[in-house]
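Listed below, chain by chain, are the residues.
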Amino acid sequence: MLNIFTLVNGRLVQEEIEALEDLARYAPIWVDMESPTPEERRWVRQHFGLSIPEDAMDEDIEESARFFEEDNGELHVRSDFLIDDEDEPRHVRVAFILNDRNPQLKSHGVLFSIHDEDLPVFRLLRLRARRMPGLIDDAKDVLLALFDTDVEYCADILEGVHDELESISAQVLSGQLTDDTAQQVLAAIARHEDLSGRIRRDMMDTRRAISFLMRMRLLSAEQFEDARQILRDIDSLEGHTSFLFDKINFLMDATIGFININQNKIIKIFSVASVALLPPTLIASIYGMNFQYMPELEWKLGYPFALVLMVASALVPMWYFRRRGWLR
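Quick caveat: nothing in here was measured; it's all calculated off a predicted structure.

Calculation rules
- Counting restarts for each chain: residues are numbered from 1 in the order of the written sequence.
- Where local features are concerned, this predicted model is filtered to residues with pLDDT of at least 70; where side-chain atom pairs are given and counted, the filter is 80 or more; whole-chain, interface and lining totals use all residues.
- The basis for the side-chain values is all heavy atoms of the structure; hydrogens and waters are excluded.
- Numbering of helices and strands runs from the N terminus, with a helix taken as a DSSP run of H or I at least four residues long and a strand as a DSSP run of E at least two residues long.
- Working definition: with a 1.4 Å probe on protein chains only, accessible area under 20% of the residue-type maximum means buried, over 50% means exposed, and in between means partly exposed.
- Whether two residues touch is decided by their heavy atoms; if any such pair falls within 4.5 Å, the residues are in contact.
- Aromatic contacts are taken between Phe, Tyr and Trp rings whose centres are within 6.5 Å, Trp giving its six-membered ring; a plane angle under 30 degrees counts as stacked, one over 60 as edge-to-face, and the others as tilted.
- The rule for pairing is simple: two strands pair if DSSP sees at least two bridges between them.
- The convention used is that axes are lines fitted to C-alpha atoms, helices contributing only their stretch in contact, and that angles between N-to-C directions extend from 0 to 180 degrees.

S.K.: In this structure, what is going on with the environment of Glu-193? I would like to understand it.
M.R.: Structurally, Glu-193 is set in helix 5 (residues 179-215). Judged by its relative accessible area of 36%, Glu-193 falls in the partly exposed class. Expressed as a C-alpha distance, the spacing of Glu-193 and Val-77, which sit 116 residues apart in the sequence, is 28 Å. Aside from chain neighbours lying at most four places away, what touches Glu-193 is Phe-245 and Ile-248.

Shown next, in the form of structure tokens:
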């Protein structure tokens, strides 16, 4: 899909491109390519003179190749954006190309973005830029706004993680944690730990991209201050993720502790039962030896007496254990 965005009265207006001739009708500041086809790549190359690298969205490229400037003035930034999917949270690599130095190229002043999936951050920015005039002035504003929206998106996810951890904490500390509930709690904690780790990675990647833009000296004074504000927001989120990691570790340890307590209760029951049955076993062994001169051999009540004695020897230890509180 090939979408272009133009500025009309201070608002971003989206236009879908279905043919090469449509590109000549607009003067875009942002060209967004979602899973572009070879034909759409050809349109961009012919109209803007822009060659999209084949490895633009590769995940395994060297870190040093993610932020660089070409000899013709094209700035390349490859950054990861988070998708908070309940079943499969993941990062999506986005390649940005921006030419703000070479006015001779037709791509001058246009931000190009290439990615494989539709991203929540991109949808949020499009919605805001349509409703808020003056939010975007040029292509660099679009790039900064995308990173700023990404930080806000991660902040909203962290708030949701914190609320869910509070609910899990109340469940764990209630003291009524069964094995089935503990299994569900551990699964939820593991998911939140993975999501918090992805957010931290996303923030680190955004920090590196913003720092690169600031070093390239392309930003105006106002944009430079906006970039610094984004970095400050990232610092606050990193502190919050550290707090959440500590809380996750505490809940994990507490849940495992309750599981161990439940297991110890089961083991204690078996231990008490085995101890309680030792005296009856001893008595049964003695009376099963069948000595010739045992007085009980000629005693008619000897067998009932042995049975009563075995039951009493089992009940007395159980009564003693319960009185000491060992069976609670």
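Anyway, onward from the coordinates.
S.K.: Is there a simple way to think about the packing of aromatic side chains in this case?
M.R.: Within a pair of aromatic rings, the relevant descriptors are the distance that separates the centres and the angle that separates the planes. By the definition in use, this model includes 9 aromatic pairs. Measuring from ring centre to ring centre gives 5.7 Å for Phe-81 and Phe-122, while their planes differ by 80 degrees; the resulting arrangement is edge-to-face. Placement of the pair is Phe-81 in strand 5 (residues 74-83) and Phe-122 in helix 3 (residues 120-131), with a sequence separation of 41 residues. Since its relative accessible area comes to 0%, Phe-122 is described here as buried. When the ring of Phe-96 is compared with that of Phe-122, the centres are 6.5 Å apart and the planes differ by 15 degrees; the resulting orientation is stacked. Here Phe-122 lies in helix 3 and Phe-96 lies in strand 6 (residues 90-99), a separation of 26 residues in the sequence. Pair check on accessibility: Phe-96 and Phe-122 agree, each one buried. Through a chain of ring-to-ring contacts, three or more aromatic side chains come together here, namely Phe-5, Trp-30, Phe-81, Phe-96, Phe-122 and Phe-147.

S.K.: Explain the sheet that holds strand 4 (residues 67-69) here, please?
M.R.: Pairing between the strands of a sheet is mediated by backbone hydrogen bonds and can be parallel or antiparallel. Strand order in the open sheet made by the 7 strands is 2-1-3-7-6-5-4, with mixed pairing throughout. Both outer strands of the open sheet, strand 2 (11-16) and strand 4, are each paired with one neighbouring strand and no more. Across the sheet, the axes of successive neighbouring strands diverge by a mean angle of 20 degrees, strand direction being ignored. In terms of strand pairing, strand 1 (residues 2-8) meets strand 3 (residues 30-34) through 4 bridges, oriented antiparallel.

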